[in-house]
Amino acid sequence: MRDNFIYINANLLRNMINTHGISSDDFVNGLDRLPQNIILLNDDRVNANNVNAHTKFSVINGKDSIQKFLLDKQIVNKKFMDFERNYDLNLLLNTEIASLLYFGHMGSPMNNPFSSKLQNKYVYLAYKNNLLTTYYRDFSDFNHILEISIKRHLRYLHSSRRMFKRPLSLKTIPIDILKLLIKLSSEGLIINFDAVLGRRRLYRIPLLLENKPQNHYVWHTQSDIYSNTINIGYLKYDIVKSTWNIDVNSKLLPKEVDELLN
């Protein structure tokens, strides 16, 4: 299994997105500013550099320490929430502490994923098999993360082809294309670099829409990933012109997605 694809399933109402193929490196490189403080929701004492006495949560303070934590490939199943000030943790009520414990254990919030006391902007929940659930207070923060990930996957594909000796320089993906991809992902979207078509310096990346997005947690083989999908179009990059385009066949879209786009 080549495993060169991105899966995204966005819930725009909850500011939540489930993904596969978007790495912690993409997260770090895609954010305008890394958090200064994070709570480790899985109580990872080994990788923490502090413990809050009031909540008993393990925390990491300092942007550099957080970046090192996120980029460490040896640390798996990272689960964290950012917060503004250490003092704010001391203001949490028992019920609010319980909600955070529930969030870390169950992977979904009891109420709102964003705390008015902690002023968190993100919640990051990594699981086995490179599955990731993230919440964004400002959902537009995900746009650049997705762009960084798409470019990384395409560069990996390009460098694996022996005919190309030079690394691929990629232009910025237009925001309208990124927003369209995210809207399409409301029913589960696969950006399939495993089956890219490349002719005359034009990369055509298939876009596959899931028929059964509720099954994305039970992937085992490549056939599991690509079965029960519809090819709805292509994300394109013209190497000569350095331009991105997207073609989507609206006739193939489910009613729910078509209504969302219109």
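All of these numbers come straight from a predicted model, not from anything done at the bench.

1. Concerning the overall build of the protein chain
Thinking step 1. In terms of regular secondary structure, the protein chain is built from 8 helices and 13 strands.
Thinking step 2. Along the longest, intermediate and shortest principal axes, the C-alpha atoms of the protein chain span 60 × 45 × 35 Å.
Thinking step 3. Taking all 262 residues of the protein chain together, the buried fraction comes to 48%.
Thinking step 4. Of the contacts formed within the protein chain by residues at least 6 apart in sequence, a portion of 64% connects residues at least 24 apart.
Thinking step 5. Accessible area of the protein chain: about 13800 Å², with a carbon and sulfur share of 49%.
Thinking step 6. Taken as two groups, the 34 positive and 25 negative side-chain charges of the protein chain have centres that lie 7 Å from each other.

2. Focus: the environment of Gln67
Thinking step 1. By the secondary structure assignment, Gln67 is in helix α2 (residues 63-71).
Thinking step 2. The exposure class of Gln67 is partly exposed, given its relative accessible area of 30%.
Thinking step 3. Apart from the residues lying within four places of it in its own chain, the contact partners of Gln67 are Val28 and Leu34.

3. Observations regarding a positive patch on the surface
Thinking step 1. On the surface, a cluster of positive charge is made up of Arg33, Lys63, Lys121 and Arg137.
Thinking step 2. The topology assignment puts Lys121 in the loop between α4 (94-106) and β7 (122-126).
Thinking step 3. Look at Lys121 and you get partly exposed, because its relative accessible area is 32%.

4. What about α2?
Thinking step 1. Every buried residue of α2 is accounted for by Ile66, Phe69 and Leu70. Taken down its axis, α2 places every buried residue within 95° of arc, on the same side. Facing away from the buried side of α2, by more than 90 degrees, are the exposed residues Asp64 and Lys68.
Thinking step 2. In this structure, the buried side of α2 is in contact with α1 (24-30), β3 (37-40), β5 (58-61) and β6 (79-82).

5. Quick notes on the pattern of salt bridges
Where charged atoms from two side chains of opposite charge come close, those side chains can pair.
Thinking step 1. Here the structure, examined in full by the defined rule, presents 7 salt bridges.
Thinking step 2. Asp25 is the partner of Lys73 in a salt bridge, and the nearest nitrogen-oxygen pair spans 2.9 Å. Taken together, the residues span a long stretch of sequence, with Lys73 in the loop between α2 and β6 and Asp25 in helix α1 at a distance of 48 residues.
Thinking step 3. Judged by its relative accessible area of 57%, Lys73 is exposed.
Thinking step 4. Residues Asp26 and Arg152 are paired through a salt bridge, measuring 2.8 Å at the closest nitrogen-oxygen approach. One end of the pair, Asp26, is in helix α1; the other, Arg152, is in helix α5 (residues 141-160), with 126 residues separating them in the sequence.
Thinking step 5. Judged by its relative accessible area of 1%, Asp26 falls in the buried class.

6. A few points about the confidence of the model for the protein chain
Thinking step 1. Summarising the model, the protein chain shows a mean pLDDT of 90, and 91% of its residues fall at 70 or more.
Thinking step 2. For the protein chain, helix α7 (residues 222-226) is the element with the lowest average pLDDT, namely 68, and β3 is the one with the highest, namely 98.

7. Here's the deal with the packing of aromatic side chains
Thinking step 1. What the rule picks out here adds up to 10 aromatic pairs.
Thinking step 2. Relative to Tyr124, the ring of Phe80 has its centre 4.9 Å away and its plane inclined at 15°; by these criteria the two rings are stacked. In this pair, Phe80 sits in strand β6 while Tyr124 sits in strand β7, placing the two residues 44 residues apart along the sequence. Here the two residues Phe80 and Tyr124 agree in accessibility, since each one is buried.
Thinking step 3. Between Phe103 and Tyr135, the aromatic rings sit 5.5 Å apart at their centres with planes inclined by 80°, giving edge-to-face as the arrangement. Residue Phe103 is located in helix α4, and its partner Tyr135 is located in strand β8 (residues 131-136); the two are separated by 32 residues in the primary sequence.

8. Focus: the pairing of strand β9 (residues 189-192)
Thinking step 1. Burial along β9 is two-sided: Leu189 and Ile191 and Ile190 and Asn192, pointing in opposite directions, are all buried.
Thinking step 2. As defined by bridge partners, strand β1 (residues 5-11) adjoins β9 across 4 bridges and the pair is classed as antiparallel. The residue of β9 that forms the bridge with Phe5 is Asn192.
Thinking step 3. Bridging between β9 and strand β11 (residues 202-210) involves 3 bridges; their strand directions are antiparallel. For Ile191, the partnering residue across the bridge sits in β11 and is Leu207.

9. Examining the side chain of Asp88
Thinking step 1. When you line up the elements, Asp88 lands in helix α3 (residues 86-89).
Thinking step 2. On the basis of relative accessibility, which here comes to 5%, the residue Asp88 falls in the buried class.

10. Overview of α5
Thinking step 1. Along its 20 residues, α5 runs 30 Å from first to last C-alpha, staying within 8% of the 28 Å computed at 1.5 Å per residue.
Thinking step 2. For α5, the full list of buried residues reads Phe142, Asn143, Ile145, Leu146, Glu147, Ser149, Ile150, Lys151, His153, Leu154, Leu157 and His158.

Calculation notes
Residues numbered from 1 in each chain as written. Predicted model: local features only at pLDDT ≥ 70, side-chain atom pairs only at ≥ 80, totals over all residues. Heavy atoms only, no water. Helix = DSSP H or I, 4+ residues; strand = E, 2+ residues; numbered from the N terminus. Buried < 20%, exposed > 50% of the residue type's maximum accessible area, 1.4 Å probe, protein only. Contact = heavy atoms within 4.5 Å. Areas by Shrake-Rupley, 256 points an atom, 1.4 Å probe, with all protein chains shown as cover. Lys, Arg positive; Asp, Glu negative; His and termini not counted. Charge placed at Lys NZ, Arg CZ, Asp CG, Glu CD. Patch = residues over 30% accessible without salt bridge, like charges linked within 9 Å, V, L, I, M, F, W, Y side chains within 5 Å. Salt bridge = Lys/Arg side-chain N within 4 Å of Asp/Glu carboxyl O. Arc of directions from axis to C-beta. pLDDT = per-residue confidence, 0-100. Phe/Tyr/Trp six-rings, centres within 6.5 Å; stacked < 30°, edge-to-face > 60°. Pairing = 2+ DSSP bridges. Expected span 1.5 Å × (residues − 1).

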